[in-house]
Amino acid sequence: MVVSRSPAAGPAVEGRLRFGGVPLPLQEAVKVLGVEVDRELRFDGHIKHIAKKASRRVSALRSVASFLDRGGKLLLYKAQIRPYLEYATLSWMSCAASYTRRLDSIQRRALRLVDAADPPDPPAQFEPVSPLDSLEHRRDVAALVVFHKAQLQEVPHLAGLRQPLRIATRSTRTVLTSGDAVEVPRSRASQHQRIFVGRVSRIWNIFTAAVPHIQEMNTQSVKLAANRWRLSKPTPLTLVIL
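The residue count restarts for each chain, going from 1 along the sequence in the order it is written. Restriction of local features to residues with pLDDT of at least 70 applies here, the model being predicted, together with a cutoff of 80 or more for giving and counting side-chain atom pairs; totals for whole chains, interfaces and linings are based on all residues. For the side-chain quantities, the full set of heavy atoms in the structure was used; hydrogens and water were omitted.

Under an unreviewed UniProt entry, the name given to the protein is RNA-directed DNA polymerase from mobile element jockey, and the organism recorded is Chionoecetes opilio.

Spelled out as structure tokens, the structure:
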């Protein structure tokens, strides 16, 4: 597979890639550990695939919903449907917003089944199910936890995700800024701004400015703090690109 958005990139190497003397046909996409990676790195095909599989499971949930109470339906959604919507999410988080909204609609569809009233239950026994965090919320929390492991805990296999600390340039000197803020990769391409490093570095700078003593936290503490911080921003988090 030739990774490029240029239409001329594929024909330029067509027939030149060989293995054991046999020409290798070029592919539009390849699957790596369950993630479909396309030649333009848009992940459109992967999102369509997981949305289709998750949607079928929601339909299966509908067929058994009448036999389960709300807690049982919610547990089934968390165990059998949501993992499809979140598998390797940090690798394809750069996909277009229209595709992530498709996944959000599947979660909303499942939650309508969960919250549907059970006819046999008396109204007095009705207990509403606690609302679930949005998929975007969960992606952001997962990204912060992974970045904390890479940036502060310096986990070896995540070394490639580390970013340099932000440097403030003044009129007379250049100094490191206080805190744990990092340099944000600059790009004019909107898709590149949505990739893991581009998005998480912006979220990380906002998060570390709001949460003190993050260097002293372990992974679980960072996860809890990220959840609380993200819950304080119930609307979709808009990041200003400078």
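Some words on the nonpolar core
Judged by nonpolar contacts, the single largest core of 23 residues is most densely connected at Ile-47, Leu-85, Trp-92 and Leu-103. Each helix corresponds to a stretch of at least 4 residues labelled H or I by DSSP, and each strand to a stretch of at least 2 residues labelled E; elements are numbered beginning at the N terminus. Of all the secondary-structure elements, those providing two or more residues to this core are β4 (35–38), α2 (44–64), α3 (70–80) and α5 (97–115). Only heavy atoms enter the contact rule, under which two residues are in contact if any of them lie within 4.5 Å. The contacts of Trp-92, once residues within four sequence positions are left out, are Phe-43, His-46, Ile-47, Ile-50, Leu-85, Tyr-87 and Leu-103. Remark: nonpolar core denotes a set of buried residues (Ala, Val, Leu, Ile, Met, Phe, Trp, Tyr, Cys) joined through side-chain atoms within 4.5 Å. Relative accessibility decides the category of a residue: with a 1.4 Å probe and only protein chains considered, values under 20% of the type maximum give buried, values over 50% give exposed, and everything between is partly exposed. Counting residues in hydrophobic clusters, the runner-up holds 19 residues, among them Leu-144, Phe-147, Ile-214 and Val-222.

Examining helix α9 (residues 219–231)
A helix's residues, less one, multiplied by 1.5 Å, set its expected span. Under the 1.5 Å per step criterion, the end-to-end length of α9 is 18 Å for 13 residues, consistent within 8% with the ideal 18 Å. The set of residues buried in α9 consists of Val-222, Ala-225, Ala-226, Trp-229 and Arg-230. In a view along the axis of α9, the buried residues occupy a sector of 130°, so they form one face of it. Facing away from the buried side of α9, by more than 90 degrees, are the exposed residues Arg-228 and Leu-231. On its buried face, α9 is in contact with α6 (135–151) and α8 (196–210). Any pair of N or O atoms that falls within 3.5 Å is considered a polar contact. Within protein, one atom must be able to donate a hydrogen and the other to accept it, and sequence-neighbouring residues count only if both atoms are side-chain atoms. For α9, the side-chain oxygen to backbone nitrogen distance between the N-cap and Gln-220 is 3.3 Å, and the N-cap itself is Asn-218. Taking the helix axis as origin, the arc is that swept by the directions to the C-beta atoms.

A short note on the pattern of salt bridges
We count a salt bridge whenever a side-chain nitrogen from Lys or Arg sits within 4 Å of a carboxyl oxygen from Asp or Glu. Applying the stated criterion across every chain, the model contains seven salt bridges. Here Arg-42 and Glu-40 are joined by a salt bridge, their closest N and O atoms 2.7 Å apart. Judged by its relative accessible area of 31%, Arg-42 falls in the partly exposed class. With a relative accessible area of 27%, Glu-40 lands in the partly exposed category.

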